[in-house]
Amino acid sequence: MNTIFNRNICVISLAVVGSLALSACQKPFGGDVRRADTSVNAIDGTGLSDIMLNAADPNEAVSYFMRASSENPDRIDLQRGLAMSFVRAGQNEAAVKTWGTLITHKESTLNDRVDYADALIRTGDWKGAEAQLDSVPPTHETYKRYRLEAMVADSNQEWKNADSFYQTAVGLTTKPSGVLNNWGYSKLTRGDYKEAEKLFAQAITYDPSLFTAKNNLILARGAQGKYDLPVMEATQVERAQLLYTLGLAAVKAGDVTIGKGLIKEAIDTHPQHFEAAVRSLRALESNVSNL
């Protein structure tokens, strides 16, 4: 990320140096040389704002957009960039405050209100998020809107609505792994382990690197008494962690002998020392049930 950012800064710096050199050649030595315009307006053409949002370090992006938006307070794109950067940096309270101000701007959009709801959810303000989503017309059909609607419905235990929203969200994106994982977790909390297993498996087919879905899949299988790892792409470290998760699930289900065997296998599988699994195995062997 920093490499891309530094390269663009170098390009900007070279442009400034070139401008100064040309000015020096055209004027008598010692004449006034106008300082190059390095304001936000001047460098926007290089796509710096996009770079800061997508490639820069989140905290660097926050600093950039704070400075840029203070210099240009009427530009909603810079305010939007600041709000997004706060979310990326994990500064959710600051993001909520910024989005709350932004949606009052005359150029704000329905997407801004949806993003505001997202920030509210990140701070645990489910009622506030629901109020924002309710203010968005039903004709505004986007993936993010329906994904958030599903999460809010989950929080209210409105399972039928949640399933409907999740299904709609899946159909509105080409990368549904995240929402399928969320939907599967919703099913898992309801005790519908078979359907949860199916959804987690689907999530993994779209994104084989999504470890959260892999671990959730193991939890769903363990809850059904399935104590073997399914065929899936996994590193050696991931496989060890999944075996450990399965072992704990077996122990908590009362299948202690099977659980101990799985935890031992996890220790043997891990390429380094697997401290958490070792502690759990020692506890089991000492007849300590608190894992």
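These numbers were taken from a predicted model, which means no experiment stands behind them. Each residue is numbered by its place in its chain's sequence as written, counting from 1. Note on the predicted model: pLDDT of at least 70 is required for a residue's local features to be given, and 80 or more for side-chain atom pairs to be given and counted; whole-chain, interface and lining totals, by contrast, use all residues. Excluding hydrogens and water, the side-chain values take into account all heavy atoms of the structure.

### A few points about the side chain of H140
Next, step 1: Put simply, DSSP marks the helices as runs of H or I at least four residues long and the strands as runs of E at least two long, and each gets a number from the N terminus on. Take H140: it is sitting in the loop between α8 (126-134) and α9 (143-155).
Next, step 2: Only protein chains enter the accessibility calculation, which uses a 1.4 Å probe; a residue whose area is less than 20% of its type maximum is buried, one above 50% is exposed, and one in between is partly exposed. When its relative accessible area of 15% is taken as the criterion, H140 is described as buried.
Next, step 3: Only 2.9 Å separates the side chain of H140 from the side chain of N111, close enough to count as a polar contact.
Next, step 4: Any two residues whose heavy atoms approach within 4.5 Å at even a single point are treated as in contact. Among residues more than four places away in sequence, those in contact with H140 are L110, N111, V114 and R145. Residues adjacent in sequence count toward polar contacts only when both atoms are side-chain atoms; beyond that, a polar contact is any pair of N or O atoms within 3.5 Å, and within protein one must be able to donate a hydrogen and the other to accept it.

### Section: the environment of S63
Next, step 1: For S63, the position within the fold is in helix α4 (residues 58-71).
Next, step 2: Look at S63 and you get partly exposed, because its relative accessible area is 45%.
Next, step 3: Spatially, the C-alpha atoms of S63 and L82 are 8.6 Å apart, while their sequence positions differ by 19 residues.

### Some words on helix α10 (residues 159-171)
Next, step 1: Multiplying one less than the number of residues by 1.5 Å gives the expected span of a helix. Taking 1.5 Å of rise per residue, 13 residues should cover 18 Å, and α10 covers 19 Å from first to last C-alpha, within 8% of that figure.
Next, step 2: For α10, the set of buried residues is A162, D163, Y166, A169 and V170. Projected down its long axis, α10 shows its buried positions confined to an angular sector of 130 degrees, all on one face. What points out from α10, more than 90 degrees from its buried face, is the exposed set K160 and G171.
Next, step 3: If you follow the buried residues of α10, they end up packed against α9 and α11 (177-190). Picture the helix axis, draw a direction to every C-beta atom, and the arc is the one those directions span.

### Description of unusual backbone geometry
Next, step 1: Positive phi outside glycine occurs at Q157, with the angle close to 60 degrees.
Next, step 2: Positionally, Q157 belongs in the loop between α9 and α10.

### Regarding the pattern of salt bridges
Next, step 1: Between Lys or Arg on one side and Asp or Glu on the other, a salt bridge is scored when a side-chain nitrogen of the former is within 4 Å of a carboxyl oxygen of the latter. Per the stated rule, a full pass over the model turns up 15 salt bridges.
Next, step 2: The salt bridge involving K187 is made with D163; its shortest N-O contact spans 3.3 Å. Within this pair, whereas K187 is found in helix α11, its partner D163 is found in helix α10, the two being separated by 24 residues in sequence.
Next, step 3: When its relative accessible area of 19% is taken as the criterion, D163 is described as buried.

### Points about the confidence of the model for the chain
For any part of a model where pLDDT is low, the fine detail of the predicted coordinates should not be relied upon.
Next, step 1: Taken over all residues, the pLDDT of the chain has a mean of 87, while the share at 70 or more is 83%.
Next, step 2: Low confidence marks residues 1-39, where pLDDT is under 50. Its contacts with residues over four positions away, or in another chain, come to 22 contacts. Confidence scores per residue from the predictor, reported as pLDDT, run from 0 to 100.

### Focus: the side chain of D115
Next, step 1: For D115, the location among the structural elements is in helix α7 (residues 110-122).
Next, step 2: Within the local environment of D115, its side chain forms a polar contact with the side chain of K144, the two groups lying 2.5 Å apart.
Next, step 3: Apart from the residues within four sequence positions on either side, D115 is in contact with M84, W99 and K144.

### Side note on the UniProt feature "repeat: TPR" (unreviewed entry) in the chain
Next, step 1: UniProt positions are given in the numbering used here, feature names are shortened, and annotations may be inferred rather than shown by experiment. Summarizing the sequence annotation, UniProt attributes the feature "repeat: TPR" (unreviewed entry) to residues 177-210 in the numbering used throughout.
Next, step 2: Structurally, residues 177-210 comprises 82% helix and 0% strand, and the distance from its first C-alpha atom to its last is 8 Å.

### Re the environment of A131
Next, step 1: Positionally, A131 belongs in helix α8.
Next, step 2: Placed 14 residues apart in sequence, A131 and A117 show a C-alpha to C-alpha distance of 8.2 Å.

### Some words on the packing of aromatic side chains
Next, step 1: What counts as a ring pair is set by centres within 6.5 Å for rings of Phe, Tyr and Trp (its six-membered ring), and what kind of pair is set by the plane angle: stacked under 30 degrees, edge-to-face over 60, tilted for all other angles. The final tally for this structure, using the stated rule, is four aromatic pairs.
Next, step 2: When the ring of Y64 is compared with that of F65, the centres are 4.8 Å apart and the planes differ by 75 degrees; the resulting orientation is edge-to-face. Each member of the pair, Y64 together with F65, is buried.
Next, step 3: Consider the rings of Y166 and W183, whose centres lie 5.8 Å apart with planes at 15 degrees: the pair is stacked. Residue Y166 is located in helix α10, and its partner W183 is located in helix α11; the two are separated by 17 residues in the primary sequence. Of the two residues examined, Y166 and W183, each falls in the buried class.
Next, step 4: Criterion for a charge above a ring: Lys NZ or Arg CZ within 6 Å of the ring centre, and within 35 degrees of the ring normal. Taking NZ or CZ as reference, R145 lies 5.9 Å from the ring centre of Y146, over its face.

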